[in-house]
Amino acid sequence: MLNISNRKWRELKQQIGFMTVRLAALIIFIILGILLYFIFSRGIKVISWDFLTKMPEKGMTAGGIFPAILGSFYLTMGAILFALPLGILAAIYMTEYATQGKIIRIIRIGISNLASVPSIVFGLFGLALFVNYLKFGVSILSGSLTLGIMILPVIIRASEEALLLVPHGFREASLALGATKWQTIYKIVLPNAIGGIITGAILGVGRVAGETAPILFTAATFYIRKLPDSVFSEVMALPYHIYALMTEGSHPKEQKAIAYGASLVLIIMVLGINLLAILIRNYYRRKKKW
Amino acid sequence: MTRLERNERLIKIALLVIACSAVSILAVITIFIFSEGTPIMFKYGFKSFLLGLDWYPSEQSFGLLPMIIGSVMVTLGSLIVGVPFGLACAIFLTEFSSRRLRHILKPIIELLAGIPSVVYGFIGVVILVPFIRENFGGPGLSVLAASIILGIMILPTIISISIDSLQAVPRSYREGSIALGATKWQTTKMVTLKAARSGIIASIILGMGRAIGETMAVIMIAGNAINIPHSVLDPVRTLTSNIALEMGYASGEHREALFATGVILFVIIMVLNTLANLTSAKRKA
C-alpha cells in the first residue's frame, strides 16, 4: 500500500517537474516571439525605399538611415579585412604546426580570455591605442581595427575547428606524394576547410554589425552632413544610430518611430547574415567528399 | 638547405609570429588599459576608488562604490531571472524533448544570441520600462528592468553550455539510475544534473561575465543615476555605463578615472573567466 502511494507520489513529482521545465522553455520562446513581433510590426510601417536610401532630415526626425547602413557596412568590412587573414593564419599555425606544448597553451588561454573581454573595454582600448596613440582619430579605421580585434577569437576558433575537421589521411597522402608541408596546407587542407572558415567569418560579421560599445568613442557619430570619403572620416552606424535616437534629440515620438525602423533593419541584417552562414555551412557539408 | 626548405622554414616562423601577435593583443590591451587607469588609482588610493561613495569628477572625487554595487545588483538580478529559465530550458531540450524538436529549437536559441544588445535595450525602453513604471511605480528605468533584459540576454550562454555538459553525461549513468527504479525526473535531478554540475556552474559564471560586461542594453534601461539603490525599482549606474556615458567628453583625471573603471571591470572579468576555466578543467580531470 505504502509502496503504491509512494510510486504515485513519485510519478506526480515527475509530472510536475516535467511541466515546469516545459513551461520555462515555452516562456523563453514566447518572449523571443513577442520581442520579434514588436520590432517587426512597428518597424515594417516605417521602412520604405526612401527610408533605406535617403539621408536623415530635420534633425533626425524624418528622412532615411542610409548613412548609418553604409557606415555599418564600412566598419564591418574593415573589421573582417583585418581579422580574417590574421585569424586564419593564426589558426593554421595552431592546428598544423604547433605541437601540444607551453606556447600553444598560452595562446589558447589568451584567446579564450580575449573572447570574454567586455565590449566597452575594447572601446577604451581602441580609444587609447588607435584614436589617441596612433592618431587615427575618431574614424572608420579606428573603429574597424577595434571591431576586428574583438572578433579575432571568433574567427580563430571557427578556422581551427574547420581545419581540424580535415582528415589526417588527406595531409598524409599529399606529403607522401612529395609535397612540402606548406604546399599541403595551401593546396589540400585550406580548400577542404574553406566552408567552415567562411561560416566562422560570416558569424563574425553578424556579431560586428550589431556592436555599439566598441565604436562609441572610436568611430561613431550621431550625424554627418556628407557621406564618409576616406578611412579617416567619422561615420554613422546603425546600432549607434538606434542608441542615439533613444537617448539624444528632442523629438522622442518621431525618433522612436525611426528607431523601430532602424532596429528592424539591423535585426534583418544580423539574422540574415547568420542565416547565410548556416546555409553556407550546409552547402559545404553536403559537398563534402569524405 | 634547399630553397624549398628555407621557404618552409620562413613560413613556419611567419605563422608563429602571427599566432603570437594575435594573442599578444590581449597583452597590449591589458598594458594600455592599466597604464592609463592605474596611475590615478595609486594617486588617490585604491580604497577611495573602490569604497568611495561620491563620483564628482570635476571635484576630484572618484568613488566607484555606487557603480560597483550597481553592476553587482543587475548581475545578480539577471542570474535570478536567467539561471532558472535557462537551466530548465536546457534540461527540457536534452532530457525531455524529441530529437526533432531539439533540432528546431536549438537554432532559435542561437538566434536569441544574435540579436544585438542595442536592440534589447531598445525593446527594454519601449516595452518593459513603461510597463514597470505603470504597474510597480518608480521611474521604470530600474534595477528590475535591467535585470530582466540582462536575464534574457544571458539565456543563450547558459542554455548552450548547459546543454553541452548535460549531453556529455554518459548514457549509462541514466540507464543505471532508471534500472534501479528511479523515475526519469529523479534520474535527471539526482544523477544527470549532479554529473553535469561543473559544466552548469561554468555556464552560470560565463553568463555572469556577459551580464557584468554588457553595456548598451544596461545604459538604456538602468536609469544611470549615481546612487546606491534602496529597492529594485530604483535606477542604478553600472561600471560599464559609467565609462560609456562619460568617456565622450572626459579629459584629464576624469578620463583616467574612467580608464580605472575599465581596469576594475577587466579584473572582474578575468577572475570570472579563470574561475570558469578552473571548473571546467576540474570536470575534465
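Remember, it's a predicted structure, so these values are computed and weren't measured experimentally. (Residues numbered from 1 in each chain as written. Chains lettered and ligands numbered in written order. Predicted model: local features only at pLDDT ≥ 70, side-chain atom pairs only at ≥ 80, totals over all residues.)

## A few points about the overall build of chain A
Of the regular secondary structure elements, chain A holds 10 helices and two strands. Going from the N terminus to the C terminus, chain A shows its helices and strands as α-α-β-β-α-α-α-α-α-α-α-α. By the compact-globule yardstick of 19 Å for 290 residues, chain A is too spread out, its C-alpha radius of gyration being 24 Å. Seen along its three principal axes, the alpha-carbon backbone of chain A occupies a region of about 75 × 65 × 35 Å. Within chain A, the fraction of its 290 residues that count as buried is 46%. For chain A, restricting intrachain contacts to residue pairs at least 6 apart in sequence, the fraction spanning at least 24 positions comes to 77%. (Helix = DSSP H or I, 4+ residues; strand = E, 2+ residues; numbered from the N terminus. Rg over C-alpha atoms; globule rule 2.2 N^0.38 Å. Buried ≥ 20, exposed ≤ 12 C-beta atoms within 10 Å, placed from the backbone. Contact = placed C-beta atoms within 7 Å.)

## Some remarks on the overall build of chain B
Within chain B one finds 12 helices and two strands. Along the chain direction, N to C, the helices and strands of chain B fall in the order α-α-β-β-α-α-α-α-α-α-α-α-α-α. Considered along the principal axes of its C-alpha atoms, chain B spans approximately 80 × 70 × 35 Å. Scored against the burial criterion, the 285 residues of chain B give a buried share of 49%.

## A look at unusual backbone geometry
Phi is positive for A:Lys135, which is not a glycine, with a value near 60°. Here A:Lys135 shows up in the loop between helix 5 (119-133) and helix 6 (140-165). Its identity as a non-glycine residue notwithstanding, B:Gln60 has a phi of 55°, on the positive side. Relative to the elements of secondary structure, B:Gln60 occurs in the loop between strand 1 (55-56) and strand 2 (61-62). Since 13 C-beta atoms lie within 10 Å of it, B:Gln60 is described here as partly exposed.

## Describing the interface of chain A and chain B
Each partner contributes to the interface: chain A provides 67 residues, whereas chain B provides 61 residues. Looking at the side of chain A that touches chain B, the elements that each hand over two or more residues are helix 1 (2-46), helix 3 (66-97), helix 4 (102-116), helix 5, helix 6, helix 8 (181-210), helix 9 (238-247) and helix 10 (252-287) of chain A. Looking at the side of chain A that touches chain B residue by residue, the class counts come to 47 nonpolar, 14 polar and six charged. (Nonpolar A, V, L, I, M, F, W, Y, C, P; charged D, E, K, R; others polar.)

## Some remarks on the domain arrangement of chain B
Accessible area lost upon the coming together of the parts is a frequently used measure of interface size. Residues and elements named next belong to chain B. Domains assigned within chain B are domain 1 (3-44) and domain 2 (55-284). A straight line from the C-alpha centre of domain 1 to that of domain 2 covers 30 Å. With nine residues of domain 1 at the interface, the matching set in domain 2 holds nine residues. Grouping the constituent residues of the side of domain 1 that touches domain 2 by class yields six nonpolar, two polar and one charged. (Domains from an automatic or database assignment.)

## Some details on the domain arrangement of chain A
All names here are of chain A. Taken domain by domain, chain A holds domain 1 (2-46) and domain 2 (52-287). Each of domain 1 and domain 2 was reduced to a C-alpha centroid, and the two centroids are 35 Å apart. Listed per partner, the contact involves six residues of domain 1 and seven residues of domain 2. Of the residues belonging to the side of domain 1 that touches domain 2, the class tally is four nonpolar, one polar and one charged.

## Digging into helix 9 of chain A
Extensive coverage of helix 9 of chain A is indicated by the burial of nine of its 10 residues. Buried within helix 9 of chain A we find A:Leu238, A:Pro239, A:Tyr240, A:His241, A:Ile242, A:Tyr243, A:Ala244, A:Leu245 and A:Met246. At its buried positions, helix 9 of chain A is contacted by helix 3, helix 8 and helix 10 of chain A together with helix 5 (117-136) and helix 10 (216-221) of chain B. Where helix 9 of chain A ends, the next residue or the one after it, A:Gly249, has phi of about 80°, a positive value.

## Topic: the packing of helix 5 of chain A against helix 6 of chain A
All names here are of chain A. Contact geometry of helix 5 with helix 6 gives a least axis separation of 9 Å together with a crossing angle of 135°. By the criterion of interaxial angle, the relationship of helix 5 to helix 6 is oblique. Between helix 5 and helix 6 lies a crossing of right-handed hand. Along its contact with helix 5, which presents Ser119, Phe122, Gly123, Gly126, Phe130 and Val131, the element helix 6 presents Ser142, Leu145, Thr146, Ile149 and Met150. Classifying every residue of the contact of helix 5 with helix 6 gives six nonpolar, five polar and no charged. (Axes fitted to C-alpha atoms, helices over the stretch in contact; angles between N-to-C directions. Parallel < 35°, antiparallel > 145°, perpendicular 65-115°, else oblique. Left-handed = near helix turned anticlockwise from the far one by under 90°.)

## Some words on the nonpolar core
With 182 residues, the main nonpolar core has A:Leu152, A:Ala237, A:Ile242, A:Ala262, B:Ala145, B:Ile149 and B:Ile221 as its most contacted residues. When near neighbours in sequence (up to four residues on either side) are disregarded, B:Ile149 contacts B:Tyr120, B:Gly124, B:Leu128, B:Ala217 and B:Ile221. (Core = buried A, V, L, I, M, F, W, Y, C linked by C-beta atoms within 7 Å.)

## Quick word on the packing of helix 8 of chain A against helix 10 of chain A
All names here are of chain A. It is at 9 Å that the axes of helix 8 and helix 10 come closest, and there the two elements cross at 175°. Looking at the two axes, helix 8 sits roughly antiparallel to helix 10. The segment helix 8 lies against helix 10, with Gly195, Ile198, Thr199, Ile202, Leu203, Val205, Gly206, Ala209 and Gly210 engaging Leu266, Met269, Val270, Ile273, Asn274, Leu276, Ala277, Ile280, Arg281 and Tyr284. For the contact of helix 8 with helix 10, a count of residues per class yields 13 nonpolar, five polar and one charged.

## Points about helix 5 of chain A
Because the α-helix completes a turn every 3.6 residues, residues three or four places apart line up on one side. All names here are of chain A. The terminal C-alpha atoms of helix 5 lie 20 Å apart, and with 15 residues this matches the ideal 21 Å at 1.5 Å per residue to within 8%. Along helix 5, the largest kink reaches about 30° and is centred on Gly126. The buried fraction of helix 5 amounts to 13 of the 15 residues, a majority that puts the element mostly inside the structure. At the C-terminal side of helix 5, Lys135 shows a positive phi close to 60°. (Expected span 1.5 Å × (residues − 1). Bend = angle between axes of the 7 residues up to and from the residue.)

## Side note on the confidence of the model for chain A
Taken over all residues, the pLDDT of chain A has a mean of 86, while the share at 70 or more is 97%. Within chain A, helix 6 of chain A carries the highest mean pLDDT (92), whereas strand 2 (residues 62-63) of chain A carries the lowest (75). (pLDDT = per-residue confidence, 0-100.)

## Some details on the environment of A:Ile80
Residues and elements named next belong to chain A. With respect to the element layout, Ile80 can be found in helix 3. Considering only alpha carbons, one finds Ile80 and Ile149, 69 residues apart in sequence, at a separation of 9.6 Å. Excluding anything up to four places from it in sequence, Ile80 contacts Ala201, Gly204 and Val205.

## A word on the environment of A:His251
All names here are of chain A. Mapped onto the elements of the fold, His251 is located in the loop between helix 9 and helix 10. The class for His251 is partly exposed, based on 15 C-beta atoms found within 10 Å. It is 44 Å that separates the C-alpha atoms of His251 and Leu86, two residues lying 165 residues apart in sequence.

## Some thoughts on the confidence of the model for chain B
When pLDDT drops low, the exact placement of atoms in the prediction is not to be read closely. On average, chain B scores 89 in pLDDT, and the residues at 70 or more come to 98%. Listed scores for the predicted complex are pTM 0.89 and ipTM 0.88.

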